[in-house]
Amino acid sequence: MEYRKPSLRKSMHARIVQELGRHIVSGHFPADSKLPPEASLCEEYAVSRPVLREATRVLVAKGLVYSKPKVGTVVRPRREWHMLDPDVLHWLMETTPQNDFFNMLSSVRCIIEPAAAALAATHATPDDVAAIENAYQRMEAAKTPEEWLQPDLDFHSQIAEATHNDLLANLCNMLSLALRESLKQSNRRPNLHEFALPRHKAILTAIQHGDALGAKHATLVQLEDARKALTLVLEGE
């Protein structure tokens, strides 16, 4: 049985969401400005008003715009956007200079990940520790940066799971898209194993020994190393 292609209506709906969302996040439509009138957008995309309104509702749900009768669709201030929405985060990565985006992400990681590692050291079960160990061992066995990427992501996600704090684990999961892009870049550094493995091993060892302070400190060291690696790679380009 062949899979059916998406209907034209759904395809156009997705295209409108993507294009308008990207325009808003990039600043093409600044805060408090109105999107073009419905009639104009319907003509531009060759769609009916119901299709356009369906796309607009998606943008409203992402916190990017609000709609009012006799006013139109207005762009919300940046502080009101749902930044961790996967689409909004993707558009942000696409439209923000790499250095600026990764610096913003590094700051967030330095706030969240050391605390997560400390909690994991306190709350991890034997199965949690085994999962973190498994990710580390796969990093150790990786021969290329491409092979390293998924175990590296798993290492950090397993630490978040080991906190047994659903809210924190979910927050870390929502950042996984941005983290993947960051690690893709920083893992291109020369001597990846030589520099990165000992720092991840220090985090693992602290968690194995239930050393919350040690896990927090080791994570800060690892994040600073990753920040320097990312700077080195991006400046090299």
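Further up the page is the structure itself.
Model, not experiment: these values are computed from the prediction. (Residues numbered from 1 in each chain as written. Predicted model: local features only at pLDDT ≥ 70, side-chain atom pairs only at ≥ 80, totals over all residues. Heavy atoms only, no water.)

### Here we look at the overall build of the protein
To keep it simple, the criterion reads: Helix numbers and strand numbers start at the N terminus; a helix is a DSSP run of H or I with at least 4 residues, a strand a run of E with at least 2. Think of it in three bands: with a 1.4 Å probe and only protein chains considered, a residue is buried below 20% of the maximum accessible area for its type, exposed above 50%, and partly exposed in between. All accessible areas in this document rest on Shrake-Rupley with a 1.4 Å probe, and a residue is counted as covered only by the protein chains that are shown. His is not counted, nor are the chain ends, whereas Lys and Arg count as positive and Asp and Glu as negative. The atoms used to mark charge sites are NZ of Lys, CZ of Arg, CG of Asp and CD of Glu.
Assigned secondary structure in the protein consists of 11 helices and two strands. Helices and strands in the protein line up, N terminus first, as α-α-α-β-β-α-α-α-α-α-α-α-α. Based on the C-alpha atoms only, the size of the protein along its principal axes is roughly 65 × 45 × 40 Å. Looking at the protein as a whole, 41% of its 237 residues are labelled buried. As displayed, the protein has an accessible area near 13300 Å², and 55% of this comes from carbon and sulfur atoms. For the protein, the distance from the average site of its 28 positive side-chain charges to the average site of its 30 negative ones is 8 Å.

### Overview of the packing of helix 6 (residues 126–141) against helix 7 (residues 145–162)
Cut-off, in case you're wondering: Throughout, an axis means a line fitted to C-alpha atoms (over the contacting stretch in the case of helices), and angles, computed between N-to-C directions, take values from 0 to 180 degrees. Throughout this description, any angle smaller than 35 degrees is read as roughly parallel, any larger than 145 degrees as roughly antiparallel, any in the 65 to 115 degree range as roughly perpendicular, and the remainder as oblique. Helix crossings get a hand from a simple test, with the near helix turned counterclockwise from the far one by less than a right angle marking a left-handed crossing and a clockwise turn marking a right-handed one. Any two residues whose heavy atoms approach within 4.5 Å are treated as being in contact. Amino acids are sorted into nonpolar (Ala, Val, Leu, Ile, Met, Phe, Trp, Tyr, Cys and Pro), charged (Asp, Glu, Lys and Arg) and polar (every other residue, Gly among them).
Closest axis-to-axis distance for the helix 6/helix 7 pair is 8 Å, and the angle between their directions is 165 degrees. In terms of orientation, helix 6 and helix 7 fall into the roughly antiparallel class. The handedness of the crossing between helix 6 and helix 7 comes out as left-handed. Between helix 6 and helix 7, the residues in contact are D128, A131, I132, A135, Y136, R138, M139 and A141 and E147, W148, P151, D152, D154, F155, Q158, I159 and A162, respectively. Among the residues making up the contact of helix 6 with helix 7, the classes are represented as 11 nonpolar, one polar and five charged.

### As for the pattern of salt bridges
Note the threshold: Counted as salt bridges are all cases of a side-chain nitrogen of Lys or Arg within 4 Å of a carboxyl oxygen of Asp or Glu.
Under the defined criterion, the tally for this structure stands at 13 salt bridges. Close ionic contact of E19 with R15 constitutes a salt bridge, the shortest N to O distance being 2.9 Å. Taken together, the residues span about one helical turn, with E19 and R15 both in helix 1 (residues 8–26) at a distance of four residues. One salt bridge in this structure joins R53 and E38, with 2.7 Å as the shortest N-O distance. Pair noted here: R53 is in helix 3 (residues 49–61) and E38 is in helix 2 (residues 38–45), with a separation of 15 residues, a long-range link.

### Details of helix 2
Worth spelling out the cut-off: The directions considered for the arc run from the helix axis to the C-beta atoms.
What helix 2 keeps buried is the set L41, C42 and Y45. Along the axis of helix 2, the buried residues cluster in a sector spanning 100 degrees; they form a single face. Along helix 2, exposed side chains directed more than 90 degrees from the buried face belong to E43 and E44. Among the residues trailing helix 2, A46 stands out with phi positive, at a value near 55 degrees.

### Quick word on the pairing of strand 2 (residues 72–75)
What counts here: At least two DSSP bridges between two strands are needed for those strands to be called paired.
In this sheet, strand 2 lies alongside strand 1 (residues 65–68) in antiparallel orientation, the contact comprising four bridges. Looking across to strand 2, one finds that V65 is bridged to V75. Here strand 1 hands over to strand 2 after three residues, with K70 in that stretch at a positive phi of 65 degrees.

### Thoughts on the layout of surface pockets
The following threshold applies: The distinction between a cavity and a pocket rests on a 1 Å grid over the protein atoms alone: a 1.4 Å probe fits inside a cavity but cannot get out, while a pocket stays open yet meets protein on both sides within 12 Å along at least five of seven lines, and a residue with an atom within 4 Å of a point counts as lining. Grid points are joined across faces, edges and corners, and a volume is the space filled by probe spheres set on the points.
In this structure, the largest pocket occupies an estimated 340 Å³ of space. Taken together, 22 residues form the lining of the largest pocket, with H156, S157, A160, C172 and L179 sitting closest to its centre. Among the elements of the structure, helix 5 (98–123), helix 7, helix 8 (166–174) and helix 9 (176–186) are those that each provide at least two residues to the lining of the largest pocket.

### Overview of the state of the cysteines
A covalent bond bridging the sulfur atoms of two cysteines is what the word disulfide describes. Stated precisely, the cut-off is as follows: The disulfide criterion used throughout: a pair of cysteine sulfur atoms within 2.5 Å.
Tallied over the entire structure, the rule returns zero disulfides. Distance from the sulfur of C110, which forms no disulfide, to the nearest cysteine sulfur (C172) is 13 Å. Exposure remark for C110: the relative accessible area of 34% places this residue in the partly exposed category.

### A word on the environment of P50
Looking at where P50 falls in the secondary structure, it is placed in helix 3. Along the primary structure P50 and I207 are separated by 157 residues, whereas in three dimensions their C-alpha atoms are 54 Å apart.

### So, unusual backbone geometry
Despite not being glycine, A46 has its phi angle at roughly 55 degrees, a positive value. Examined against the element boundaries, A46 turns out to sit in the loop between helix 2 and helix 3. In this structure A46 comes out as exposed when scored by relative accessible area, which is 68%. Of note in the backbone geometry, H164 takes a positive phi value of approximately 55 degrees without being a glycine.

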